[in-house]
Amino acid sequence: MSAPTESAAAYISKLAGADAKEREGASYELFRLGCAVAEPVLQKWFADAEFRSLAGGGGGGLLTVGIAVQPERFEAIRMLFGQPKLADVPPDQDVLEFELVFAHGVRLDVMTTLAPGGEGAIAKFLLRFGEGIQQVECDIRDVPRATEILRQRFGLEPIYPLVRAGANQTRVNFFLVPVAEGRKLLIELVESSKKPPRIPKTR
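In this convention, every chain numbers its residues from 1, walking through the sequence in written order. At least 70 in pLDDT is required for a residue's local features to be given in this predicted model, at least 80 for side-chain atom pairs to be given and counted, and no such filter applies to totals for whole chains, interfaces and linings, which use all residues. Side-chain measures here rest on the full set of heavy atoms in the structure, leaving out hydrogens and waters.

Q: Residues and numbers for the overall build of the protein, please.
A: Numbered from the N terminus, helices here are DSSP runs of H or I no shorter than four residues, and strands are runs of E no shorter than two. Counting its secondary structure elements, the protein contains six helices and seven strands. Listing every helix and strand of the protein by position from the N terminus yields α-α-α-β-α-β-β-α-β-α-β-β-β. Only C-alpha atoms enter the radius of gyration, while the globule expectation follows 2.2 Å times N to the 0.38, with N the number of residues. In terms of overall dimensions, the protein is globule-like: its C-alpha atoms have a radius of gyration of 16 Å, near the 17 Å expected for 203 residues. With a 1.4 Å probe rolled over the protein chains alone, any residue whose accessible area is under 20% of its type maximum counts as buried; one over 50% counts as exposed, and the rest are partly exposed. Taken over 203 residues, the protein has a buried fraction of 49%. Using a 1.4 Å probe, the Shrake-Rupley method yields the accessible areas, and only the shown protein chains count as cover for residues. Taken as a whole, the protein presents about 10,200 Å² of accessible surface, with 55% of it coming from carbon and sulfur. As used throughout, the charge tally considers Lys and Arg to be positive and Asp and Glu to be negative, leaving His and the chain termini uncounted. The atom standing in for a charge is NZ when the residue is Lys, CZ when it is Arg, CG when it is Asp and CD when it is Glu. Here the protein contributes 25 positive and 26 negative side-chain charges, whose respective centroids are spaced 3 Å apart.

Q: So what's going on with the state of the cysteines? Which residues, and what values?
A: What we call a disulfide is simply a covalent bond connecting the sulfur atoms of a pair of cysteines. Cysteine sulfur atoms are paired as a disulfide whenever they come within 2.5 Å of each other. Here the structure, examined in full by the defined rule, presents zero disulfides. The structure places no disulfide on Cys35, whose sulfur is separated from the nearest cysteine sulfur, that of Cys138, by 10 Å. Looking at Cys138, the relative accessible area reads 1%, which means it is buried.

Q: I'd like to hear about the packing of helix H1 (residues 8-15) against helix H4 (residues 71-80), residue by residue, with values.
A: Where H1 meets H4, the closest approach of the two axes is 9 Å, and the angle between their N-to-C directions is 50°. Comparing their axes, H4 and H1 come out oblique. In contact with Ile12, Ser13 and Leu15 of H1, H4 contributes Arg73, Ile77 and Leu80. Gly falls in the polar group here, along with every residue not listed as nonpolar (Ala, Val, Leu, Ile, Met, Phe, Trp, Tyr, Cys, Pro) or charged (Asp, Glu, Lys, Arg). Across the contact of H1 with H4, the residue classes tally to four nonpolar, one polar and one charged. The axes are straight lines fitted to the C-alpha atoms, using for helices just the contacting stretch, and the angles between their N-to-C directions are given from 0 to 180°. Convention used here: angles under 35 degrees read as roughly parallel, angles over 145 as roughly antiparallel, angles from 65 to 115 as roughly perpendicular, and any remaining angle as oblique. Contacts are assigned to residue pairs with any non-hydrogen atoms lying within 4.5 Å of each other.

Q: Just give me the short version of the sheet that holds strand S7 (residues 184-191), but keep the residues and values in it.
A: In spatial order, the strands read S2-S3-S1-S4-S7-S6-S5; together these seven strands make up an open sheet with mixed pairing. The strands lining the two open edges of the sheet, one partner per strand, are strand S2 (96-101) and strand S5 (164-165). Here helix H2 (residues 20-46) sits on the sheet in contact with strand S1 (63-68), strand S3 (107-112), strand S4 (132-139), strand S6 (171-178) and S7, set at roughly 125° to S1. Pairing between strands is defined by DSSP: at least two bridges between the two strands are required.

Q: Go over the packing of aromatic side chains with me, naming the residues and quoting the values.
A: Paired rings are identified among Phe, Tyr and Trp, the last through its six-membered ring, by centres lying within 6.5 Å, and are further divided according to the angle between planes into stacked (under 30 degrees), edge-to-face (over 60) and tilted (the rest). Taken as a whole and assessed by the stated rule, the structure comprises eight aromatic pairs. When the ring of Trp45 is compared with that of Phe175, the centres are 6.0 Å apart and the planes differ by 70°; the resulting orientation is edge-to-face. With Trp45 in helix H2 and Phe175 in strand S6, this pair connects stretches of sequence that are 130 residues apart. Among the residues examined, Phe175 registers a relative accessible area of 1% and is labelled buried. A centroid spacing of 5.1 Å and a plane angle of 45° characterise the contact between Phe125 and Phe129, whose relative ring orientation is tilted. In this pair, Phe125 and Phe129 are both assigned in helix H5 (residues 121-129), four residues apart and thus about one turn of the helix distant. One aromatic cluster is present, built from ring pairs that chain together Trp45, Phe46, Phe51 and Phe175. Seen from the ring of Phe81, Arg23 lies directly overhead, with NZ or CZ sitting 5.8 Å from the centre. Note on geometry: a ring has a charge over it if NZ (lysine) or CZ (arginine) is within 6 Å of the ring centre and within 35 degrees of the ring normal. Just above the ring of Tyr160 sits the side chain of Arg164; from NZ or CZ to the centre is 4.2 Å.

As structure tokens, then:
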């Protein structure tokens, strides 16, 4: 993959475009952009031997990049990628999402809000930043233990005091961490026994 030359929003626009090769290329670049932002943080976490031993277990690649898009873009992308199954999300969470999986461990979660302009996390992100990379997910075999490691050894406080239910019967917690240029990135720890989803066919 070549070095990214465009913004995440530009690649998201291409993800809903007519050209199948351009859509796939945009998917790879979005994944690369998200991983590049998260890499310095994750390198520090994985330097801890116990945390590193907990990584993986989700049945696919280690990382998934989550992008937030407007509802109309969400529907367009989903149709172009063969209408992948929507994630089973707890009803108290303001999100619709589906996963796209490609070769070489490239995974995207495409997310949108149920209530545009509302108080949910995705709605707030879209209002503040527009469409873009909203989070990076990391597969972890024991989210409660990993959360404690990050709290005790790295001085990081999770978004939620206790692990909570996530999409598709996962257990999750979130950390908002400083990254380059004074920005912050949401990193989601995800514990799951799911099998790898199928690679979607594009139209």
